[in-house]
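The primary structure of each chain is shown beneath.
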Amino acid sequence: MKKQKALVYKCSTCGHEEAKWLGRCPDCGEWNTFVETSAAVQGSGQLAGRQQVPVTWLPLSSIDADAGSRISSGIDEFDRVLGGGIMKRSAILIGGEPGIGKSTLLLQAVASAETNGRVLYVSAEESAGQVRMRADRLGIKGERIELCCTGRLEDIEAIMDAVKPVIIVADSVQTLHSDEAGLTPGTLNQMKYCSYSLISWVKEHDAALFLVAHVTKDGVISGPKTLEHMVDTVIYFEQNDGDCRFLRATKNRFGSVDEIGIFTMGEQGLSVVEDPSLLFLVRREGELPPGVATAAVLEGTRPLLVEIQALTVPVKGAMSRVFSDRLDSARVARVAATLEKHLSLRLSDQDLYVNVAGGIRITEVGVELALACALYSARTGLPIPARVAIAGELSLTGEVRPVQRIAGRIKTSANLGFDTFLGPQSESLDAPDKVVGDIKAAIKALFSDEKRA
Ligand code: TYD
Ligand code: MG
């Protein structure tokens, strides 16, 4: 290995090293950040001085698949989003706006986690007293939980070696710093270096790591985004207009990314919403107003009933526009074009407004038929009969295509008191009450009685 000079100049922002002083760091572009340091360590780069683990190989057949077994967090909604519990030797990034409840969720989860091992909660942001106050509020004694209030990596690593935790929470990554990665805490380089070190530790010690990351209001996640490739699972915590909080995986090496967890924040922390349909359906007595349809959609594997609301008004500008933030605008435009073509219903001279009650974002294709019915109802002023749930994908040719898990959708609708289910043909035994093959048939099934009345 090359022998280093006694002195090097190190950028205090990104940790880049140079043999001579420079005004501007060639790596991160910051000015006047070089400081003189002694280069006692052999090798170069920031990983110099880290313990080298001998690399070996194994026959694939000899590897025990259970090596990375799961620990239940004791919170079903959380486990489901994680893909069935907290995977050992994995790193999980939890992102969300400040105040959404990341610290609360993780404190609740580590307190109820089904393990006898110890938990290390690294709180670099809040004092021990503040964490204790939160624990009191949540009714958590926390005998198994060790708390350390520092963001300095070297201290955290020493504590991890002493405590040997099975779960580590680093709250938050933005406050972690290491002497090895430059002098200014909070830089991207600090965050990456410290996260990498913690991830390596849990992989070697059969533990699991939660990295908490703040994401700012306008969705700027440039910092935490750079960590996404380093971790196994990325979960975002988001809030709707109401007080519902959604936990959504955007990357999961050990599970699906379709599942969402739904929580509400109360006086004693986060609680699971058992029957989310109750939150998203507007309780209505008697007839529905025009423009409203109830869609039986899937959120992950779970059927969910939501109210789709549509409004059409004559265009104000030169072109018609779609205003929809809960359903993809391109999908709304496509469904509107399909209606216009196959039912000769003029929509291109209208501005289209679409909303989902309760503010949940729906991405599942099974929402399309309900969306089409809501748009039709809004444009014609004919209300959809009450207690009808709708599911189906709509093709450009106007056909209603089959959707997954139709039986589950029918069952959930029936449980919630819907007496008619309108949907596509299915191969399962539970067929919808009204089977429709195309959009024309669907509109006829919904509105023909209406017209006669
Ligand atoms: P917190 O977990 O600190 O959010 P984050 O770590 O994402 O920044 O929780 C934030 C909010 O939740 C805070 O405004 C207080 C509120 N809260 C409750 O309403 N009930 C509770 O039991 C707790 C612990 C917090
Ligand atoms: Mg917090």
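I will try to describe carefully the structure that is included in this document. (Residues numbered from 1 in each chain as written. Chains lettered and ligands numbered in written order. Predicted model: local features only at pLDDT ≥ 70, side-chain atom pairs only at ≥ 80, totals over all residues. Heavy atoms only, no water.)

## What to know about the site of ligand 1
In the vicinity of ligand 1 there are 16 residues, among which Gly 99, Ser 103, Thr 104, Gly 266 and Gly 269 approach most closely. Here Gly 101 contributes a backbone N or O atom positioned 3.0 Å from an oxygen atom of ligand 1. Gly 266 places a polar main-chain atom, nitrogen or oxygen, 2.7 Å from a nitrogen atom of ligand 1. For ligand 1, the protein covers 76% of the area, taking 560 Å² as the surface of the free molecule. Elements represented by at least two residues in the shell around ligand 1 include exactly α2 (102–112), α3 (128–138) and β13 (260–266). Broken down by class, the residue content of the shell around ligand 1 amounts to 4 nonpolar, 7 polar and 5 charged. (Near = heavy atom within 4 Å. Polar contact = N/O pair within 3.5 Å; in protein donor to acceptor, adjacent residues only side chain to side chain. Areas by Shrake-Rupley, 256 points an atom, 1.4 Å probe, with all protein chains shown as cover. Helix = DSSP H or I, 4+ residues; strand = E, 2+ residues; numbered from the N terminus. Nonpolar A, V, L, I, M, F, W, Y, C, P; charged D, E, K, R; others polar.)

## Quick look at the packing of aromatic side chains
Under the definition given, this model contains 5 aromatic pairs. When the centroid spacing of 6.3 Å and the interplanar angle of 80 degrees are considered together, the rings of Phe 237 and Phe 263 count as edge-to-face. Taken together, the positions of Phe 237 in strand β11 (residues 233–239) and Phe 263 in strand β13 put the pair 26 residues apart, joining distant regions of the chain. Given the relative accessible area of 1%, Phe 263 is considered buried. Ring geometry for Tyr 376 against Phe 447: centres 5.1 Å apart, planes inclined by 35 degrees, an arrangement best described as tilted. Of this pair, Tyr 376 sits in helix α9 (residues 368–380) while Phe 447 sits in helix α11 (residues 439–452), and the two are 71 residues apart along the sequence. The buried category is assigned to Phe 447, whose relative accessible area is 1%. (Phe/Tyr/Trp six-rings, centres within 6.5 Å; stacked < 30°, edge-to-face > 60°. Buried < 20%, exposed > 50% of the residue type's maximum accessible area, 1.4 Å probe, protein only.)

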